[in-house]
Amino acid sequence: MDRIHDSAARRLNTLVVGERRSGKTSLLRVLQGRLASRFHVVMLDAGLSHDAASFLSLFLFSLEREAALGRAGAVSNPRLDLDYSFALPATETERVLTLLDAVRHAIERRERGVVAIVDDLRTAELAHRLFGRMRDELWMLGCTWIVAADTQDRSALLRPPADAFFETVIELGPLDHRDAAELVRRRLADEDADPDLVERLARAGEGNPGRTIELAREVVVDGIPLGEATSRRTDVRFRAGKLGDSARRLVEDLLTYGPASASDESLLRRLNWTRARATQVFKQLEAEGIVGAVPARSGGGRKVYGLNLNGEA
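Predicted, not measured: the structure shown is a model, and the values here were computed from it. (Residues numbered from 1 in each chain as written. Predicted model: local features only at pLDDT ≥ 70, side-chain atom pairs only at ≥ 80, totals over all residues. Heavy atoms only, no water.)

Draft legend 1. Just the side chain of Ser-54, in detail. Summarising the element assignment, Ser-54 is placed in helix 3 (residues 52-72). At 3.0 Å, the side chain of Ser-54 and the backbone nitrogen of His-50 are in polar contact. (Helix = DSSP H or I, 4+ residues; strand = E, 2+ residues; numbered from the N terminus. Polar contact = N/O pair within 3.5 Å; in protein donor to acceptor, adjacent residues only side chain to side chain.)

So this is what it looks like as structure tokens:
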């Protein structure tokens, strides 16, 4: 946190990389609050963007929205004075250039420097398009960028010419045992929490914040003994292994990274599979009751699968 904050204060573009569920989004949310007193901070959920034009549209809307909220203060439901009177051209290149001009003008109207915090870029290809091929155009906008990405996408984000865009690269490694135990204590919000349970949860999480918190929730909130919670994971591994190597690999991926769909490009890259292959293995696991459908975070009608650890996905 201190390193990212220091880089932003020095107006250095920063890339934050880490495995999925390593805490990137949580870190950025706290960072947003720390920077808000000094900068005009815009938090962008880039998972809503599918190309450069939609990303810039999201950025423009977020810039104007945050400015309107700042002017309104505590007033409920402030009116957003957004000027979208210009007509976007037909070709993607013309749309991108038009939106770049609009974003630049919006940034120039801000009284404080702008920091754009970007989370959940949908694809490595989009990331490279923005921060590689459009590097100079984004530089000229005059804002500071903090971009979070999965570790597996690091090479794409740092492939020339994007390597010159990011002046600081920070990697979130696994939590050490002491920090994992502290995470459990804080999330339990219980000063009298059983020290032995805290230690055991810290070990069982294997350094992954998301997995550690998931286990803590099952044990403390759902009342499942820790041994049973871990044995359920062992059981799905065993059952998947009986179906073959592909099923075993997919289950390991879901245990590490959480729910996914057959069209999840990050999953397909990790497993080096086609969408058709992922669909086939998901259906195999679903037929055996090892996975089940869960609500998609971003909607869109995709079928997203989660592990069935308790008779329910």
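Draft legend 2. Quick look at the pattern of salt bridges. Evaluation of the coordinates by the stated rule reveals 25 salt bridges. For Arg-104, the salt bridge goes to Asp-101, with nearest N and O atoms at 2.3 Å. Within this pair, Arg-104 and its partner Asp-101 are both found in helix 4 (residues 92-108), separated by three residues, close to a single helical turn. Residue classification places Asp-101 among the partly exposed residues on the basis of a relative accessible area of 35%. Three or more residues are tied together by salt bridges with common partners; here these are Arg-21, Glu-214, Glu-218 and Arg-233. (Salt bridge = Lys/Arg side-chain N within 4 Å of Asp/Glu carboxyl O. Buried < 20%, exposed > 50% of the residue type's maximum accessible area, 1.4 Å probe, protein only.)

Draft legend 3. The arrangement of unusual backbone geometry in detail. The omega torsion of the bond from Pro-160 to Pro-161 falls at 10 degrees, within 30 degrees of zero and hence cis. In this fold, Pro-161 is placed in the loop between helix 7 (154-157) and strand 5 (168-172). Not every positive phi belongs to a glycine, and Glu-206 is a case in point at roughly 55 degrees. If you trace the backbone, Glu-206 turns up in the loop between helix 9 (195-204) and helix 10 (209-221). In this structure, Asn-272 is a non-glycine residue whose phi angle is positive, near 60 degrees.

Draft legend 4. Spatial organisation of the sheet that holds strand 7 (residues 291-294). The strand order across the open sheet formed by three strands is 6-8-7, and the pairing between neighbours is antiparallel. Looking at which strands have only one partner, the edges of the open sheet turn out to be strand 6 (260-261) and strand 7. The pairing of strand 6 with strand 8 (residues 304-307) spans two bridges and is antiparallel. Note that in strand 8 the partner of Ala-260 across the bridge is Tyr-305. (Pairing = 2+ DSSP bridges.)

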